[in-house]
Amino acid sequence: MSAVTDASGGPVALARRFPPDFAFGAATAAYQIEGAVADDGRGPSIWDTFSHTRGRTRNGETGDVACDHYHRWRSDLDLMAELGLRAYRFSIAWPRVQPEGRGPVNQAGLDFYDRLVDGLLERGIEPWLTLYHWDLPQALQDAGGWTDASLADRLAEYAGIVAGRLGDRVGRWITLNEPRTHAFIGHAVGRHAPGGHGWANGLRAAHHLHLAHAAAVRAIRTVAPEARIGVCHDIAHVIPASQSVDDAGAARRHDGAMHRWFLDPTFGRGYPSDMVEWYSSNGLLEGLDLAAVAGAEPIDFLAVNYYRRERIADVPVTPDWGIGSSVLSGVGESTGNGWEVWPDGLRAVLSRIQAEYGTIELAVTENGATYPDAIGADGSVEDAERRSYLARHVAALADARDEGVPVNAYFVWSLLDNFEWGEGYGARFGIVHVDFPTQRRTVKSSGRWYQELLGAADAR
Ligand code: IFM
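Predicted model only: the values in this text are computed from it and were never measured.

Rules of the game
- Residues numbered from 1 in each chain as written.
- Predicted model: local features only at pLDDT ≥ 70, side-chain atom pairs only at ≥ 80, totals over all residues.
- Heavy atoms only, no water.
- Helix = DSSP H or I, 4+ residues; strand = E, 2+ residues; numbered from the N terminus.
- Buried < 20%, exposed > 50% of the residue type's maximum accessible area, 1.4 Å probe, protein only.
- Contact = heavy atoms within 4.5 Å.
- Areas by Shrake-Rupley, 256 points an atom, 1.4 Å probe, with all protein chains shown as cover.
- Expected span 1.5 Å × (residues − 1).
- Pairing = 2+ DSSP bridges.
- Axes fitted to C-alpha atoms, helices over the stretch in contact; angles between N-to-C directions.
- Phe/Tyr/Trp six-rings, centres within 6.5 Å; stacked < 30°, edge-to-face > 60°.
- Lys NZ or Arg CZ within 6 Å of the ring centre and 35° of its normal.
- Arc of directions from axis to C-beta.
- Disulfide = S-S within 2.5 Å.
- Near = heavy atom within 4 Å.
- Polar contact = N/O pair within 3.5 Å; in protein donor to acceptor, adjacent residues only side chain to side chain.
- Salt bridge = Lys/Arg side-chain N within 4 Å of Asp/Glu carboxyl O.
- Parallel < 35°, antiparallel > 145°, perpendicular 65-115°, else oblique.
- Left-handed = near helix turned anticlockwise from the far one by under 90°.
- Nonpolar A, V, L, I, M, F, W, Y, C, P; charged D, E, K, R; others polar.

Chemist: Give a detailed account of the overall build of the protein, specifying residues and quantitative values.
Modeler: When its secondary structure is counted, the protein shows 15 helices and 13 strands. For the protein, with 460 residues in total, the buried portion stands at 62%. Long-range contacts, defined as pairs at least 24 residues apart, comprise 78% of the intrachain contacts of the protein with a sequence gap of at least 6. Accessible surface for the protein amounts to roughly 16,100 Å². Of this, 49% is attributable to carbon and sulfur atoms.

Chemist: Before we move on, could you go through helix 4 (residues 69–83) and cite the residues and values that matter?
Modeler: Side chains three or four residues apart in an α-helix point the same way, a direct result of the helix having 3.6 residues per turn. Taking 1.5 Å per residue, 15 residues should reach 21 Å; helix 4 reaches only 17 Å between its end C-alpha atoms and comes up short. Listed in full, the buried residues belonging to helix 4 are H69, Y70, W73, D76, L77, L79, M80 and L83.

Chemist: Describe the sheet that holds strand 9 (residues 325–328), and please don't skip the residues or the numbers.
Modeler: The strand order across the open sheet formed by three strands is 6-8-9, and the pairing between neighbours is mixed. Pairing within the sheet leaves two strands with one partner each, and these edge strands are strand 6 (237–240) and strand 9. Across the sheet, the axes of successive neighbouring strands diverge by a mean angle of 40°, strand direction being ignored. Sheet topology note: the strand 6/strand 8 (residues 309–314) ladder contains four bridges and is parallel. By the bridge assignment for strand 8, H237 is matched with R309. The strands touched by helix 11 (residues 245–266) are strand 6, strand 8 and strand 9; relative to strand 8, the strand with the most contacts, the crossing angle is about 125°.

Chemist: Can you explain the packing of aromatic side chains? Please cite residues and give values.
Modeler: Summed over all chains, the structure comprises 34 aromatic pairs. On the numbers, 5.5 Å between centres and 70° between planes, the contact of W128 with F301 is edge-to-face. One end of the pair, W128, is in strand 3 (residues 126–132); the other, F301, is in strand 7 (residues 301–305), and 173 residues separate them in sequence. The two residues W128 and F301 agree in class, both being buried. Directly above the ring of W278 sits R253, whose terminal nitrogen or CZ lies 4.3 Å from the centroid. Directly above the ring of W342 sits R309, whose terminal nitrogen or CZ lies 3.6 Å from the centroid.

Chemist: Residues and numbers for helix 12 (residues 273–281), please.
Modeler: Those residues of helix 12 not exposed but buried are M275, V276 and Y279. Here the buried residues of helix 12 occupy an arc of 105° about the axis, which is enough to place them on one side. Exposed side chains of helix 12 directed beyond 90 degrees from the buried face belong to S273, E277 and S281. Next to the buried residues of helix 12 lie helix 10 (199–223) and helix 11. Phi turns positive one or two residues past the end of helix 12, at G283, with a value near 65°.

Chemist: Break down the state of the cysteines for me, with residues and values.
Modeler: Counted under the stated rule, the structure contains zero disulfides. C232 carries a free sulfur, and the closest cysteine sulfur to it, the one in C67, is 19 Å from it.

Chemist: Describe the site of the ligand, listing the residues and the values that go with them.
Modeler: In the neighbourhood of the ligand, the contacting residues comprise Q32, H133, W134, N177, E178, Y307, W339, E366, W413, E420, W421 and F429. With respect to the ligand, the side chain of E366 contributes an N or O atom lying 2.5 Å from a nitrogen atom. Within the side chain of W421, one N or O atom sits 2.9 Å away from an oxygen atom of the ligand. Burial of the ligand by the protein chains amounts to 94% of its free accessible area of 280 Å².

Chemist: Lay out unusual backbone geometry in plain terms, naming residues and giving numbers.
Modeler: Here the amide bond leading from A193 into P194 is cis, since omega sits at 10°, within 30 degrees of zero. Within the fold, P194 resides in the loop between helix 9 (179–187) and helix 10. Despite not being glycine, W134 shows a phi value in the positive range, around 85°. Among the structural elements, W134 can be located in the loop between strand 3 and helix 7 (138–142).

Chemist: Give a description of the pattern of salt bridges that names residues and reports values.
Modeler: The tally for this structure, following the rule as stated, stands at 39 salt bridges. With its nearest N and O atoms 2.9 Å apart, the salt bridge here joins D78 to R123. Pair noted here: D78 is in helix 4 and R123 is in the loop between helix 6 (107–122) and strand 3, with a separation of 45 residues, a long-range link. You can call R123 partly exposed: its relative accessible area is 26%. Measuring nitrogen to oxygen at the nearest pair gives 3.0 Å for the salt bridge that ties R169 to D168. Shared partners join several salt bridges into a network, and the residues in it are D111, D114, D118, R165, D168 and R169.

Chemist: Lay out the environment of E100 in plain terms, naming residues and giving numbers.
Modeler: Turning to its location among the elements, E100 is positioned in the loop between helix 5 (94–97) and helix 6. The spatial distance from the C-alpha of E100 to the C-alpha of T49 is 14 Å, given a sequence separation of 51 residues. Apart from the residues within four sequence positions on either side, E100 is in contact with P137, A139 and L140.

Chemist: Run through the packing of helix 9 against helix 10, naming residues and quoting values.
Modeler: At a minimum axis separation of 8 Å, helix 9 and helix 10 run at an interaxial angle of 150°. Taken together, the axes of helix 9 and helix 10 are roughly antiparallel relative to one another. In terms of crossing hand, the pair formed by helix 9 and helix 10 is right-handed. Across the interface between the two elements, P179, H182, A183, F184 and H187 from helix 9 touch W199, N201, G202, L203, A205, A206 and L209 from helix 10. For the contact of helix 9 with helix 10, the per-class residue count stands at eight nonpolar, four polar and no charged.

Chemist: I'd love a proper account of the sheet that holds strand 10 (residues 361–366), names of residues and values included.
Modeler: The strand order 1-2-3-4-5-7-10-11 describes a closed barrel built from eight strands, whose pairing is parallel. The average angle at which neighbouring strand axes cross in this sheet is 25°, direction not considered. Docked against the sheet, helix 6 engages strand 2 (87–91) and strand 3, running at close to 170° with respect to strand 2.

Interpretation note: all reported values are geometric properties and have no functional meaning in isolation.
Dropping the structure here:
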């Protein structure tokens, strides 16, 4: 890590670069913050199983309590209002709504989100709802999970239930969060739940996630025709690690596997032919009806998560990583987990999507960084590096808008320090510090900076 400066010109000047109705917000996900895993009829999810399995997460940490948001949601909403958030992106825990992943609805689980949505609206905060952020009901995993095609029907059923209850008040719907992370990190390299292995397994999960997304869009539209619906992809700014032909090829494959394999079907183009060829030559697509993803349901906006630049080197293919690429970490200025900080990559990624896929409304639904924060002797958390990271990325977002890219929302990841999946509580991403033993929340200096930005945006 290196010391950084804020080249954004300060919050007031930055706020002036956005229109008055720009949706500045913060994001979270159910399993990462809610806790209360056995309350009010919630069933177990694959993340409960995975985190309770020895050796899967850092220090065996779990989301059993997390930020205890399930019990503290009112004061968390007050905190969002205090920060001046205009929008809040959260996810619904499927196993709270359908403990078995199918059939009967657990009304008590749905009631929680009903209250949450009303609480947001009372405070003037726009709800952005993600249906699926990786917490599959364990019962569905036991029946095959995402490697089974029937999950498309299951997700559609669940989507219809949630839209039927909340569609009158929630305008923004995101079907899936980062299907590529879920497919590959969860089903090919085994670092996330459900801990599956093998690249073919990951591709199978990705295929069914595509089909499930399309089925969920149809289900939401049936019950909430006014809903604006999108899907969330995480897109890095990819470059070859060197000028060698091999690294250039690896970078192209990496981008193909991580981005185009998801963006192309989302925009109705089917799978990219270069990657179909690559995988077919390795026998990785057997048994998949590839044509099924072509002509996908149109979406209203694309949700983009952006964190970093990735320098890609060519490496041998392995059974768990079928693309022969490696992301070099810790090069240049980097965050606490070694991700390269490259603010202009956000502009580049947004502008690339517009250039390659046409004009569609874009929303940055996650952007943020982890650093080893500490509470100072005076009780404050001075996270100058995160503040600078955010300021420079918001400036890059304004640059994208200046280029004519229709991006209308920005969400910091994350509102709160939370359960960072396999990293447990070891990677803090929040603009609000959480002292997990006491659950005390302390707004970090990055949070105060964001509050100032949002205040300046409101004053326009
Ligand atoms: O915490 C995750 C989030 O759940 C999905 N996107 C990336 C974040 C940071 O790793």
